[in-house]
Amino acid sequence: MSLARIPLRRFSSVRNSKFFIEKLKNRALIRVAGDESGEFLQGLITNDIRHLEQHGATGMFAMVLNKAGRVLYDTLIYRKTENSFLIECDKDVCAELRKHLMIFRVRKKIAIDSLETNMNVWVVFKCQEEGEDLKLKNDFPEYTVCQDPRLKDLGHRILTPKEILPEQIFSSLKDGSHVEDCYRGHRYALGVGEGITELPPGKSFPLEANCDYLHGLSVHKGCYLGQEFTARTYHTGVVRKRLMPLTISSEILDKPDINVESGDGKNLGKLRGVAGNVGLGLLRIEPALAAEKILIEGMEVTTKKPSWWPQELPREKQSQ
């Protein structure tokens, strides 16, 4: 959907900077609190929770894997207090993730509570490359404001209690527009996946979802669920497929998991989502970049290597 077709609403925003704010209706929060909460999360996530404890960061990106090293849930984790964390996840698996965490709690002195009905997740992001960088400060104690730890271009997350009205958020900002259903297309254009539609539970590996490129993987932290296979893949460098952006010139239905093919009929991967004239695909990197023509259900699309990927990919051993 073109941004120009979406009714825009003016509100207060970052001074001298044009950007959008959107409530993410498909995201929810879980609170993990207690003296052993950091130690508990450390054994279940791909990232190192000590980055939040030792370096003063507000948030981090991490994935929760199964024992075979496949992605179950993608999360953003925010540190609220010394012994309290908020876990942002796909709303449709909030209950499942909480159940998964409860299984591993054993005798640890922690509480695990769903905040799905108590808090909202908002995103604030720039709608153009030009202009000054988006900068937000948390001037309200009831909010959590965090620059997206995956990629600066993804903007900021704002976590608020449900009773906080949109106007109260808007009044703290300047020069922006309130929109709906724009952020997904923004992510797709950057080549970033999020949630169970784009990262189907148990079907993809963290490096295929660019977890390493998006600062969600620690290779030094030690053991966690699914660590052995992930570490072996990282160090041997065999990553043949990754999530990549698609540019779409003709109308394509948003039907995840359909085939992406080359002009001569070779399978290049799977579609993960479509939002207007952009899409997201899990593609075989080298063949997709080399293909003269890429087709989805007969419609031609193009792809490219995201600008935020490392310039050199020495670990990639890609095959035809």
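Structural notes, computed from the coordinates. (Residues numbered from 1 in each chain as written. Predicted model: local features only at pLDDT ≥ 70, side-chain atom pairs only at ≥ 80, totals over all residues. Heavy atoms only, no water.)

### Re unusual backbone geometry
The backbone of Asn210 sits at a positive phi, close to 65°, despite the residue not being glycine. Relative to the assigned elements, Asn210 resides in the loop between α5 (183-190) and α6 (227-236). (Helix = DSSP H or I, 4+ residues; strand = E, 2+ residues; numbered from the N terminus.)

### Comments concerning the pattern of salt bridges
Counted by the stated rule, this structure contains 17 salt bridges. Linking Asp48 and Arg50 is a salt bridge whose minimum nitrogen-to-oxygen distance equals 2.8 Å. Assessed through its relative accessible area of 7%, Asp48 is described here as buried. Judged by relative accessible area, Arg50 falls into the partly exposed class, the value being 34%. Notably, a salt bridge pairs Glu194 with Arg150, separated by 2.9 Å at the nearest N-O pair. Here Glu194 is found in the loop between α5 and α6, whereas its partner Arg150 is found in the loop between β9 (144-147) and β10 (156-161), with 44 residues between them in sequence. Judged by its relative accessible area of 5%, Glu194 falls in the buried class. Connected via shared salt-bridge partners are Arg27, Asp74, Glu88, Asp148, Arg150, Arg157, Arg187, Glu194 and Glu198. (Salt bridge = Lys/Arg side-chain N within 4 Å of Asp/Glu carboxyl O. Buried < 20%, exposed > 50% of the residue type's maximum accessible area, 1.4 Å probe, protein only.)

### Quick notes on the sheet that holds strand β15 (residues 278-284)
Spatially, the six strands close up into a barrel ordered β12-β15-β14-β13-β16-β17, and their pairing is antiparallel. The average undirected angle you get between the axes of adjacent strands in this sheet is 40°. Across six bridges, the pairing between strand β14 (residues 267-275) and β15 is antiparallel. Paired with Gly269 across the bridge in β15 is Leu283. (Pairing = 2+ DSSP bridges. Axes fitted to C-alpha atoms, helices over the stretch in contact; angles between N-to-C directions.)

### Regarding the packing of aromatic side chains
As enumerated under the stated definition, the model contains four aromatic pairs in all. The ring of Phe61 has Arg150 lying over it, and the distance from NZ or CZ to the ring centre is 5.7 Å. Over the face of the ring belonging to Trp309 we find Arg242, whose NZ or CZ atom lies 6.0 Å from the ring centre. (Phe/Tyr/Trp six-rings, centres within 6.5 Å; stacked < 30°, edge-to-face > 60°. Lys NZ or Arg CZ within 6 Å of the ring centre and 35° of its normal.)

### Digging into the nonpolar core
Judged by nonpolar contacts, the single largest core of 57 residues is most densely connected at Leu29, Met63, Ile296 and Trp308. With residues near it in sequence (within four places) discarded, Met63 still touches Leu44, Ile45, Thr46, Val71, Tyr73, Asp74, Leu199, Pro206, Ala209 and Cys211. Counting 24 residues, the second largest nonpolar core, distinct from the first, contains Ala28, Leu41, Leu97 and Ile112. (Core = buried A, V, L, I, M, F, W, Y, C linked by side-chain atoms within 4.5 Å. Contact = heavy atoms within 4.5 Å.)

### Some words on the sheet that holds strand β3 (residues 27-33)
With antiparallel pairing, five strands are arranged side by side in an open sheet as β4-β5-β6-β3-β7. Looking at the sheet topology across the chains shown, the edges are occupied by β4 (59-65) and β7 (111-114). The mean angle between the axes of side-by-side strands here comes to 30°, regardless of whether they run parallel or antiparallel. In terms of strand pairing, β3 meets strand β6 (residues 84-90) through seven bridges, oriented antiparallel. By the bridge assignment for β6, Ala28 is matched with Cys89.

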